[in-house]
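# Structural description and commentary
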Amino acid sequence: MKFTKMHGIGNDYVYVNCFKETIKSPFAVSRFVSDRHFGIGSDGLILIKPSEIADCEMDMYNLDGSQGAMCGNGIRCVAKYAYDYGIVNKTNISVATKSGIKYLDLNVKDGKVETVRVNMGSPILTAKQIPVVSETEEVINTPLDIEGKTWYFTGISMGNPHAVVFMDDIENLNIETIGPKFENHLVFPDRVNTEFVKVLDDHTVQMRVWERGSGETLACGTGACAVAVASILNHHVDGDRPVTVKLLGGDLEIFWNRQENLIYMTGPATTVYDGEIDLSFLGEA
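The structure contained in this document is the topic of the report that follows. (Residues numbered from 1 in each chain as written. Predicted model: local features only at pLDDT ≥ 70, side-chain atom pairs only at ≥ 80, totals over all residues. Heavy atoms only, no water.)

### Structural notes on the environment of Thr-266
As for its placement among the helices and strands, Thr-266 is situated in strand β17 (residues 262-268). According to the relative accessible area criterion, Thr-266 is partly exposed, its value standing at 26%. Taking the C-alpha atoms as reference, Thr-266 lies 9.6 Å from Gly-72; in sequence the two are 194 residues apart. Setting aside residues no more than four positions away along its own chain, Thr-266 makes contact with Val-116, Arg-117, Leu-252 and Glu-253. (Helix = DSSP H or I, 4+ residues; strand = E, 2+ residues; numbered from the N terminus. Buried < 20%, exposed > 50% of the residue type's maximum accessible area, 1.4 Å probe, protein only. Contact = heavy atoms within 4.5 Å.)

Structure, rendered in structure tokens:
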């Protein structure tokens, strides 16, 4: 299998061009290639496929083999791959995802994509659609008891579910312990991605993220979008200007256009290397 290793501010995936390659068991392939000791090493696997409704399709899998719906950092890399490797020859493209068609604007320098602006669509705030088990229609700064401690979270879906928690200290948070407890809590029927956020000023926040199926990652694009929305809803930042979200892997700029109710995410996409790996032992010819 030929592949390309790429990352968006440290959120790294193995990308496969399924215009040329066929993957029979993406769940097993994702588990193997994601292993940082015995595989390639990544947060998961993303297949770039032909689409009848868009320029291409993004089919993503987490490192545990579970299928994901959407990845903001991943889709920027899909856009870069599509342009840099000749799938498209234009700077405004569409990508089909499990969360619908996304539209992207490419910033090209010296023939290669440097940054990508993604129309991430509208945030979903209705509890039932996120989904979150709740007696209220929206879950904004809602208490949640975990092993005797009360946490307050805001629930948002960006095509995948997020719980945003504001804290004064995220650097010393034992995310490996608390992350799985949020992810698998019964209040989240489809599990949840959890962002732990510190507000720095009225247009800048810092976050750490525990992604369902992947654990702590250096970045999460949909998570950064959810964090920006939650920061505005909780009156932590100025809702009329872009929010800079600082992640472990770098910064993303998120703007929630309230009139259109659309979120725009801008950030880099980076190619690490191309390679080829033998997966015949997994039944992949």
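### Regarding helix α4 (residues 221-233)
For α4, with 13 residues, the first-to-last C-alpha span of 19 Å sits near the 18 Å given by 1.5 Å per residue. Among the 13 residues that make up α4, 13 are buried, leaving the element largely enclosed by the rest of the structure. Two residues or fewer after α4 comes His-235, characterised by a positive phi angle close to 60 degrees. (Expected span 1.5 Å × (residues − 1).)

### Things to note about the packing of aromatic side chains
Counting across every chain of the model gives nine aromatic pairs. Both rings, one in Trp-151 and one in Phe-196, keep their centres 6.2 Å apart while their planes meet at 70 degrees; by these two values the pair is edge-to-face. One end of the pair, Trp-151, is in strand β10 (residues 149-157); the other, Phe-196, is in strand β12 (residues 193-201), with 45 residues separating them in the sequence. The pair formed by Trp-151 and Phe-196 is uniform in burial state, with each residue classed as buried. Measuring from centroid to centroid gives 5.7 Å for Phe-182 and Phe-196, while their planes differ by 85 degrees, and the two rings are edge-to-face. Taken as a pair, Phe-182 in helix α3 (residues 175-183) and Phe-196 in strand β12 lie far apart in primary sequence, 14 residues in all. Three or more aromatic residues link up through ring pairs in this structure, and these residues are Trp-151, Phe-182 and Phe-196. If you follow Arg-258 out to its NZ or CZ, it ends over the ring of Trp-256, 4.2 Å from the centre. (Phe/Tyr/Trp six-rings, centres within 6.5 Å; stacked < 30°, edge-to-face > 60°. Lys NZ or Arg CZ within 6 Å of the ring centre and 35° of its normal.)

### Re the pattern of salt bridges
Summed over the entire model, instances satisfying the criterion amount to 14 salt bridges. Residue Glu-57 pairs with Lys-98 through a salt bridge whose shortest N-O separation is 3.9 Å. Within this pair, whereas Glu-57 is found in strand β4 (residues 56-62), its partner Lys-98 is found in the loop between β6 (92-97) and β7 (100-109), the two being separated by 41 residues in sequence. Overall, the relative accessible area of 21% leaves Glu-57 in the partly exposed class. Between Glu-183 and Arg-191 there is a salt bridge; the shortest N-O distance is 2.7 Å. Residue classification places Glu-183 among the buried residues on the basis of a relative accessible area of 7%. Through salt bridges with shared partners, one network takes in Lys-5, Asp-12, Arg-36 and Asp-43. (Salt bridge = Lys/Arg side-chain N within 4 Å of Asp/Glu carboxyl O.)

### Describing unusual backbone geometry
In this chain, Ile-130 is followed by Pro-131 through a cis amide linkage whose omega measures -5 degrees. Positionally, Pro-131 belongs in the loop between β8 (112-121) and β9 (142-146). Positive phi, normally seen in glycine, also occurs at Ile-9, with a value near 40 degrees. The buried category is assigned to Ile-9, whose relative accessible area is 6%. Look at His-235: it is not a glycine, yet its phi comes out positive at around 60 degrees. Tracing the chain through its elements places His-235 in the loop between α4 and β15 (243-247).

### Some points on the side chain of Ser-157
Looking at where Ser-157 falls in the secondary structure, it is placed in strand β10. Among all residues touching Ser-157, those that are not within four sequence positions of it are Ser-122, Pro-123, Ile-124 and Ile-130.

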